[in-house]
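These are the residues of each chain, in order.
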Amino acid sequence: METLLGSSLAELIGLTVVVFGGCGILTGQTLAEGWKPAWVAVAYSVLLGLGDRFLMFGLFGEPLLSPAGFLVNTLIIGAITLTAYRMAIARRMVQQYPWLYEPAGPFAWRERSPARG
């Protein structure tokens with residue numbers, strides 16, 4: 001399991017999910033607030049994955065050049081970042097254009113139905 005993750009499960013949860021996942025949440029929200037496209041969130045997720053791998057190496061002595069570890073960590077961080085991005089975009093659309101859109105769950109919006117007399 002450690003060869004697939006590139007680190008122990010405790011390190012993965014502590015550093016990747018908690019620390020870099022928190023960074024991913026803030027990154028996704030900030031990019032959505034600036035109306036940036038989703039591919040920018042993916043690019044930032046790769047950069048966060050590189051930082052995560054470096055800290056795994058520096059703090060815990062894990063292999064720096066572990067492709068499987070980098071891929072797993074980056075996918076986790078990317079999923080968190082894109083989830084936060086989508087939720088923030090949906091919230092922003094509904095708040096900024098309340099006469100056009102209404103919420104359709106945490107990730108989507110729909111056109112507001114016309115008022116019925």
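Just so you know, the residues in each chain are numbered from 1, in the order the chain's sequence is written. Thresholds applied to this predicted model are a pLDDT of at least 70 for local features of residues and 80 or more for the giving and counting of side-chain atom pairs; totals over whole chains, interfaces and linings are not thresholded and use all residues. Side-chain numbers come from the whole structure's heavy atoms, not from hydrogens or water.

- Per an unreviewed UniProt entry, the protein chain carries the name DUF6867 domain-containing protein and comes from Azospirillum thermophilum.

**Brief notes about the pattern of salt bridges**
No. 1: Between Lys or Arg on one side and Asp or Glu on the other, a salt bridge is scored when a side-chain nitrogen of the former is within 4 Å of a carboxyl oxygen of the latter. This structure, assessed with the given rule, holds 3 salt bridges.
No. 2: Among the salt bridges present, the one from Glu 33 reaches Arg 92, with a minimum N-O distance of 2.5 Å. Of the two residues, Glu 33 sits in helix H2 (residues 9–33) while Arg 92 sits in helix H4 (residues 67–96), which places them 59 residues apart along the sequence.
No. 3: Of the charged contacts in the structure, one is a salt bridge between Arg 110 and Glu 102, with a shortest N-O distance of 2.9 Å.
No. 4: Using a relative accessible area of 43% as the deciding quantity, one classes Arg 110 as partly exposed.
No. 5: Each residue is placed in one exposure class: buried if its accessible area under a 1.4 Å probe, protein chains only, is under 20% of its type's maximum, exposed if it is over 50%, and partly exposed if it falls in between. For Glu 102, a relative accessible area of 18% gives the class buried.
No. 6: In the salt-bridge network here, residues are joined through shared partners; they are Glu 102, Arg 110 and Arg 112. Going along the chain from the N terminus, every DSSP run of H or I of four or more residues is numbered as a helix, and every run of E of two or more is numbered as a strand.

**Focus: a nonpolar patch on the surface**
No. 1: Note on patches: the residues involved have over 30% relative accessible area and no salt bridge, like charges join within 9 Å, and the nonpolar side chains Val, Leu, Ile, Met, Phe, Trp and Tyr join within 5 Å. In short, Shrake-Rupley with a 1.4 Å probe defines the accessible areas, and a residue's cover is counted only from the protein chains shown. On the surface, Phe 54, Leu 55, Phe 57, Leu 59, Phe 60, Leu 64 and Leu 65 cluster together into a nonpolar patch covering about 710 Å² of accessible area.
No. 2: Structurally, Phe 54 is set in helix H3 (residues 38–60).

**What to know about the environment of Leu 59**
No. 1: Looking at where Leu 59 falls in the secondary structure, it is placed in helix H3.
No. 2: In the structure, Leu 59 is positioned 44 residues away from Leu 15 in sequence and 10.0 Å away in space, judged by C-alpha atoms.

**Description of the packing of aromatic side chains**
Each aromatic ring pair is specified by the distance between its two centres and by the angle formed by the two planes.
No. 1: We call Phe, Tyr and Trp rings a pair once their centres come within 6.5 Å, taking the six-membered ring for Trp, and we label the pair stacked below 30 degrees between planes, edge-to-face above 60, and tilted otherwise. The tally for this structure, following the rule as stated, stands at 4 aromatic pairs.
No. 2: For the pair Tyr 97 and Tyr 101, a centre-to-centre distance of 6.5 Å together with 80 degrees between the ring planes defines the contact as edge-to-face.

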